[in-house]
Amino acid sequence: MGNYSAVVLDFETTGLSPDSGDRVIEIGAVLIRDNRIEDRFQSLMNPGRPVSGFIEEYTGISNSMLATAPPIATVMEKFVHFMAGHHLVAHNAGFDRRFLDAELQRISQRRRQDFACSLLVARRVYPDAPGHSLAALVRHKRLPTSGVHHRALADAEMTAHLWLGMIAELKSAFHLRQVPFALLQQLARVPKKAAPVFLQRHAAAQHGEAGTTAAPAV
DNA sequence: TGCCAGGCCCTCTTTAGGGCCTT
């Protein structure tokens, strides 16, 4: 990766939509820098009301566990400091971004960092994977895993390994010296079919083979 | 009462529909 740090995060929630009143019940996050995990953040959060049986089953997080968890606001205040100054990454980032922004708004805070989506990048880096869910990619690429799924920190760690793996893959396949965060953000927005040409052009520019020796404007 | 997410991506597409992905 380039000379940047990123916080890879994952929320467990009461449902799919903060606009429908859903709240977060667990956050897991890892700070990655220089191709390794440097720090971790994890906490359950009490949403103030019972979660459904489906969520208890899906996450393994029970209402009794949440009853003794700290309030959401208390945890989010701490997470604001953890994520400060770092790019943000999540798998299907639109989901986590909506919940993060909704919870930050409740404590009168605002997100200032860019978000990047490992799902959108994976669809372009691994177009032939049998699926692009986090679990499918972990299996397909044999990424490090504790075997735990649908818990925030475990999912954040697997997403971090996926992210670092994709950076390594791009470096290797396109002989890139650096894979800046902005390049991955751009890649996620490029039409999927155009991704190979986009990456080849970027690699050529980075090697000064495109009539310029300047670094690509990413 | 009944509603009940949002966005990407493909295709039997663009005056649309449905699968995938997140909980």
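What you see is a predicted model, and the numbers here were worked out from it, not measured in a lab.

*Asks:* Help me get a handle on the confidence of the model for chain A, residues and values and all.
*Replies:* Residues at a pLDDT of 70 or more form 94% of chain A, whose mean pLDDT is 93. The low-confidence segment residues 211-218 (pLDDT under 50) makes twelve contacts with residues lying over four places distant or belonging to another chain.

*Asks:* I'd like a rundown of the protein's contact with DNA strand B, residues and numbers included.
*Replies:* Lining the immediate environment of DNA strand B, one finds 28 residues, of which Glu-12, Tyr-58, Arg-124, His-132 and Leu-134 sit closest. Counting only the atoms of DNA strand B within 4 Å of the protein, the fraction contributed by sugar and phosphate is 66%. Between Tyr-58 and DNA strand B, the recorded distance is 3.1 Å, taken from a side-chain N or O atom to a phosphate oxygen. Taken together, the residues of the surface near DNA strand B sort by class into nine nonpolar, eleven polar and eight charged.

*Asks:* Summarise the packing of aromatic side chains; cite the residues concerned and give the values.
*Replies:* Two aromatic rings are characterised by how far apart their centres lie and by the angle between their planes. Within this structure, the stated rule accounts for six aromatic pairs. Here the aromatic residues Phe-41, Phe-79 and Phe-82 are joined through ring pairs into a cluster of three or more.

Rules of the game
- Residues numbered from 1 in each chain as written.
- Chains lettered and ligands numbered in written order.
- Predicted model: local features only at pLDDT ≥ 70, side-chain atom pairs only at ≥ 80, totals over all residues.
- Heavy atoms only, no water.
- pLDDT = per-residue confidence, 0-100.
- Contact = heavy atoms within 4.5 Å.
- Near = heavy atom within 4 Å.
- Polar contact = N/O pair within 3.5 Å; in protein donor to acceptor, adjacent residues only side chain to side chain.
- Nonpolar A, V, L, I, M, F, W, Y, C, P; charged D, E, K, R; others polar.
- Phe/Tyr/Trp six-rings, centres within 6.5 Å; stacked < 30°, edge-to-face > 60°.

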